[in-house]
Amino acid sequence: MKVLHTDKAPAAVGPYSQAIEVNGFVFCSGQLPIDPATGVFAEGGVKEQTRQSILNAQEVLRSAGLELSNVAKTTVYLSDMDNFAAMNEVYAQFFSEPFPARSAVAVKTLPKNALVEVECIATR
């Protein structure tokens, strides 16, 4: 098991790793829309927050020598399912066929009251 870390994505906000690699699989923790340069959420709404969350996941993957094209599964957590279409619009700008498997769920609240959080599993 290998712990992955990059300063190009926000540090973990609790007792967990940005990602763990096991047997060629990279399990990325949920990425909040925190701009690692400023330490605050990307300005704007769910589109901007989705973009930042995916960019953060991308940087964590890059620390393992992987790209978004290596992602097999994503989970998108939304604070409100009414934001699904806007999230999906931005999500589609980052992923192409064959698209990863995905779950998208609404949750009561997200850490730091984010509008979205994105986690992924990638493979070599």
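Residues numbered from 1 in each chain as written. Predicted model: local features only at pLDDT ≥ 70, side-chain atom pairs only at ≥ 80, totals over all residues. Heavy atoms only, no water.

**Q** Could you give an account of the overall build of the chain, naming the residues involved and the relevant values?
**A** When helices and strands are counted, the chain shows 2 helices and 6 strands. Whereas a compact globule of 124 residues would reach a radius of gyration of roughly 14 Å, the chain reaches 13 Å, a difference of no more than 12%. Principal-axis analysis of the C-alpha atoms places the extent of the chain at approximately 35 × 30 × 25 Å. Counting over 124 residues, the chain shows a buried share of 42%. A fraction of 67% describes how many contacts in the chain between residues 6 or more apart in sequence connect residues 24 or more apart. Only carbon and sulfur atoms are counted for the fraction: they give 53% of the accessible area of the chain, which is about 6,600 Å². (Helix = DSSP H or I, 4+ residues; strand = E, 2+ residues; numbered from the N terminus. Rg over C-alpha atoms; globule rule 2.2 N^0.38 Å. Buried < 20%, exposed > 50% of the residue type's maximum accessible area, 1.4 Å probe, protein only. Contact = heavy atoms within 4.5 Å. Areas by Shrake-Rupley, 256 points an atom, 1.4 Å probe, with all protein chains shown as cover.)

**Q** Outline the pattern of salt bridges, supporting the account with residue identities and numerical values.
**A** Tallied over the entire structure, the rule returns 4 salt bridges. Two residues, K47 and E89, come together in a salt bridge whose shortest N-O distance is 3.1 Å. In this pair, K47 is assigned in helix 1 (residues 46-62) and E89 in helix 2 (residues 84-94), connecting sequence segments 42 residues apart. A salt bridge links R62 to E67, with the shortest nitrogen-to-oxygen separation between them at 3.1 Å. Residue classification places E67 among the partly exposed residues on the basis of a relative accessible area of 33%. The network of salt bridges with shared partners includes E59, R62 and E67. (Salt bridge = Lys/Arg side-chain N within 4 Å of Asp/Glu carboxyl O.)

**Q** How would you summarise the packing of helix 1 against helix 2 if you had to cite specific residues and measurements?
**A** Following both chains from N to C, one finds helix 1 and helix 2 inclined at 35°, their axes separated by 8 Å at the closest point. Note that helix 1 runs across helix 2; the crossing there is right-handed. In this structure, helix 1 contributes V46, K47, T50, R51, I54 and L55 to the contact, and helix 2 contributes A86, M87, E89, V90, Y91, Q93 and F94. Each residue belonging to the contact of helix 1 with helix 2 can be placed in one class, and the counts come to 8 nonpolar, 2 polar and 3 charged. (Axes fitted to C-alpha atoms, helices over the stretch in contact; angles between N-to-C directions. Left-handed = near helix turned anticlockwise from the far one by under 90°. Nonpolar A, V, L, I, M, F, W, Y, C, P; charged D, E, K, R; others polar.)

**Q** Which residues make up the nonpolar core, and what values go with them?
**A** Membership of the largest hydrophobic core comes to 26 residues, with the highest contact counts inside it found for V26 and L61. Of all the secondary-structure elements, those providing two or more residues to this core are strand 3 (25-31), helix 1, strand 4 (71-78), helix 2 and strand 6 (116-123). (Core = buried A, V, L, I, M, F, W, Y, C linked by side-chain atoms within 4.5 Å.)

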